[in-house]
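Here's the letter readout for the chains.
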Amino acid sequence: MNKVDNEIMLIAQEECAEVVQAISKVFRFGFDSEHNGVKNSEHLSEEVGDLLCMIELLIRNKLVDANAVEYARRAKMDKLSKWSSIV
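Basis of the calculations
- Residues numbered from 1 in each chain as written.
- Predicted model: local features only at pLDDT ≥ 70, side-chain atom pairs only at ≥ 80, totals over all residues.
- Heavy atoms only, no water.
- Helix = DSSP H or I, 4+ residues; strand = E, 2+ residues; numbered from the N terminus.
- Rg over C-alpha atoms; globule rule 2.2 N^0.38 Å.
- Buried < 20%, exposed > 50% of the residue type's maximum accessible area, 1.4 Å probe, protein only.
- Contact = heavy atoms within 4.5 Å.
- Areas by Shrake-Rupley, 256 points an atom, 1.4 Å probe, with all protein chains shown as cover.
- Salt bridge = Lys/Arg side-chain N within 4 Å of Asp/Glu carboxyl O.

Bringing the overall build of the protein into the picture now. Summing up its helical and strand segments, the protein has three helices and two strands in all. When the helices and strands of the protein are placed in sequence order, the string is α-β-β-α-α. In terms of overall size, the protein is more extended than a compact globule, its C-alpha atoms giving a radius of gyration of 16 Å where 87 residues would be expected to give roughly 12 Å. Referenced to the eigenvectors of the C-alpha coordinate spread, the extents of the protein come out at roughly 40 × 40 × 15 Å. Out of the 87 residues belonging to the protein, those deemed buried represent 15%. Relative to all contacts within the protein whose residues are 6 or more apart in sequence, the contacts with residues 24 or more apart total 52%. A total accessible area of about 6,900 Å² is found for the protein, and carbon and sulfur atoms account for 57% of it.

The subject of this paragraph is the environment of Glu42. Inspection of the secondary structure assignment puts Glu42 in helix α2 (residues 40-60). Residue classification places Glu42 among the partly exposed positions, given a relative accessible area of 43%. Sequence spacing of Glu42 and Asp32 is 10 residues, and the spatial spacing of their C-alpha atoms is 8.8 Å.

Here the focus is the pattern of salt bridges. Applying the stated criterion across every chain, the model contains three salt bridges. Among the salt bridges present, the one from Arg73 reaches Glu70, with a minimum N-O distance of 2.7 Å. Pair noted here: Arg73 and Glu70 are both in helix α3 (residues 66-83), with a separation of three residues, about one helical turn. Accessibility expressed as a relative area gives 28% for Glu70, which makes it partly exposed. Counted as one network, the salt bridges with shared partners bring together Glu70, Arg73 and Arg74.

Dropping the structure here:
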């Protein structure tokens, strides 16, 4: 792996952790709770956006296969529609 690919992977990893943390704050304090003037819902949206950016870079730099990602996304949606009430 080259330096750029390594940095993309590292930042993507960090963004995953930040999404986890933002979701934890929502569970603990609610969507509308604020920290430093920012609602937890807004913070979660920002972190998800950051993660989506990194996912785009993972695909763009061919660190993951776009077709495989799309296939996995659809397969997960199918599983959720079968085994969950959220879809």
